[in-house]
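# Structure at a glance
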Amino acid sequence: MHVHKYERWWMTFGIVMLLVFLATIGFAAFADNMNPPSGLQAIDPTKVAQIPPFDHPGLRRLPDGTYEAYYVAEVFAFNPQTLTVPVGKKITFYVTSPDVVHGFFIPKTDINMMAVPGWVNSDSHVFTSKGTYLLICHEYCGIGHQNMFAKIVVR
Ligand SMILES: [Cu+2]
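Throughout what follows, the structure given in this document is the object of discussion. Please read these numbers as outputs of a predicted model, since none were measured by experiment.

Around the copper ion, the protein contributes the donor atoms Cys-137 (SG), Cys-141 (SG) and His-145 (ND1), at 2.1 to 2.2 Å from the metal centre. Read in sequence order, the donor residues coordinating the copper ion give the pattern C-x3-C-x3-H. Residue class for Cys-137 comes out buried when judged on its relative accessible area of 6%. Relative accessible area serves as the criterion here: at 11%, Cys-141 is assigned to the buried category.

Here it is, written out as structure tokens:
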């Protein structure tokens, strides 16, 4: 089979560029120490209601002045339904699910997680302005998905 020399050049160029891009991504990932989401911890999804702190979801104040907010996402609601948090403080959200995969999304913030049975996912945010924020499920989880939301009141 005859391959024209220009075609061979372009194939060589394409393969070389592919290798350059892969090497760049690989180097950047290792240089920046990128890893898969590290907030994940294992939890028995059948015992979420008994395992502290998910047996009493809500807000905890830590000695260093930051806060932890524990959430259970289950069909078709978040627990707690309303959470009041302070403005200007770091809040670390922890979420898990005892049933199916749910979303955990607070529009106008960078909180965007999945609530996965068997895992605790976490992410932090500092609310810089007071107001009421919506917390919504953005992973289709069943027939009542559209009713799955909660409120976060920032004071
Ligand atoms: Cu949902």
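Still more ground to cover, so stick around.
Here we take up the packing of aromatic side chains. Evaluated as defined, the whole model comprises eleven aromatic pairs. Ring geometry for Phe-54 and Tyr-70: centres 5.4 Å apart, planes at 85°, overall edge-to-face. Remark: Tyr-70 occurs in strand S3 (residues 67-74) and Phe-54 occurs in the loop between strand S1 (41-42) and strand S2 (58-61); sequence separation between them is 16 residues. Owing to a relative accessible area of 10%, Tyr-70 belongs among the buried residues under this scheme. Every member of this aromatic cluster is reached through a ring pair, and the members are Tyr-71, Phe-78, Phe-93, Phe-104, Phe-127 and Tyr-133.

The next point concerns a nonpolar patch on the surface. Together, Tyr-6, Trp-9, Trp-10 and Phe-13 give the surface a local cluster of nonpolar side chains, amounting to about 570 Å² of exposed area. Within the fold, Tyr-6 resides in helix H1 (residues 5-31).

It is worth spelling out the environment of Val-87 at this point. Topologically, Val-87 is positioned in the loop between strand S5 (82-85) and strand S6 (90-96). Put simply, Val-87 and Gly-14 are 73 residues apart on the chain and 51 Å apart in space, counted from C-alpha to C-alpha. In contact with Val-87, other than residues within four places in its own chain, are Phe-127, Thr-128, Ser-129, Lys-130, Val-154 and Arg-155.

Before going further, it helps to examine the nonpolar core. Ranked by internal contacts, the top residues of the largest apolar core, which has 24 residues, are Tyr-71, Phe-78, Phe-93, Phe-104, Ile-106, Phe-127 and Ile-152. Put simply, the parts of the chain that give this core at least two residues each are S3, S5, S6, strand S8 (112-115), strand S10 (131-136) and strand S11 (149-154). Among the elements that take part in this core, S3 stands out by supplying four residues, more than any other. Every residue in contact with Phe-93, bar those within four places of it in the chain, is listed here: Ala-69, Tyr-71, Phe-104, Ile-106, Ile-111, Met-113, Asn-121, Ser-122, Asp-123, His-125, Phe-127 and Ile-152.

Structurally, the position occupied by Ser-97 is in the loop between S6 and strand S7 (102-105). A polar atom in the side chain of Ser-97 sits 3.3 Å from the backbone oxygen of Ala-73. At a separation of 3.2 Å, a polar atom in the side chain of Ser-97 contacts the main-chain amide nitrogen of Asp-99. When near neighbours in sequence (up to four residues on either side) are disregarded, Ser-97 contacts Pro-45, Val-48, Ala-73, His-102, Ala-115, Val-116, Pro-117 and Gly-118.

The next subject is the pairing of strand S9 (residues 119-126). As paired elements, S1 and S9 share two bridges and run antiparallel to each other. Its bridge partner lying in S9, Ala-42 is registered against Trp-119.

Inspection of the sheet shows S2 paired to S3 by four bridges, in the antiparallel sense. Each bridged residue has a counterpart across the sheet, and for Leu-59 the counterpart in S3 is Ala-69. What sits between S2 and S3 in their antiparallel hairpin is a turn of five residues, with Gly-65 showing a positive phi close to 90°.

On to H1, then. Given a rise of 1.5 Å per residue, 27 residues ought to cover 39 Å, and the 38 Å separating the end C-alpha atoms of H1 matches this to within 8%. A positive backbone phi angle near 55° is found at Asn-33, which sits one or two residues after H1.

Rules used throughout
- Residues numbered from 1 in each chain as written.
- Predicted model: local features only at pLDDT ≥ 70, side-chain atom pairs only at ≥ 80, totals over all residues.
- Heavy atoms only, no water.
- Donors = N, O, S within 2.8 Å, 3.2 Å for Na, K, Ca; no water.
- Buried < 20%, exposed > 50% of the residue type's maximum accessible area, 1.4 Å probe, protein only.
- Phe/Tyr/Trp six-rings, centres within 6.5 Å; stacked < 30°, edge-to-face > 60°.
- Helix = DSSP H or I, 4+ residues; strand = E, 2+ residues; numbered from the N terminus.
- Patch = residues over 30% accessible without salt bridge, like charges linked within 9 Å, V, L, I, M, F, W, Y side chains within 5 Å.
- Areas by Shrake-Rupley, 256 points an atom, 1.4 Å probe, with all protein chains shown as cover.
- Salt bridge = Lys/Arg side-chain N within 4 Å of Asp/Glu carboxyl O.
- Contact = heavy atoms within 4.5 Å.
- Core = buried A, V, L, I, M, F, W, Y, C linked by side-chain atoms within 4.5 Å.
- Polar contact = N/O pair within 3.5 Å; in protein donor to acceptor, adjacent residues only side chain to side chain.
- Pairing = 2+ DSSP bridges.
- Expected span 1.5 Å × (residues − 1).

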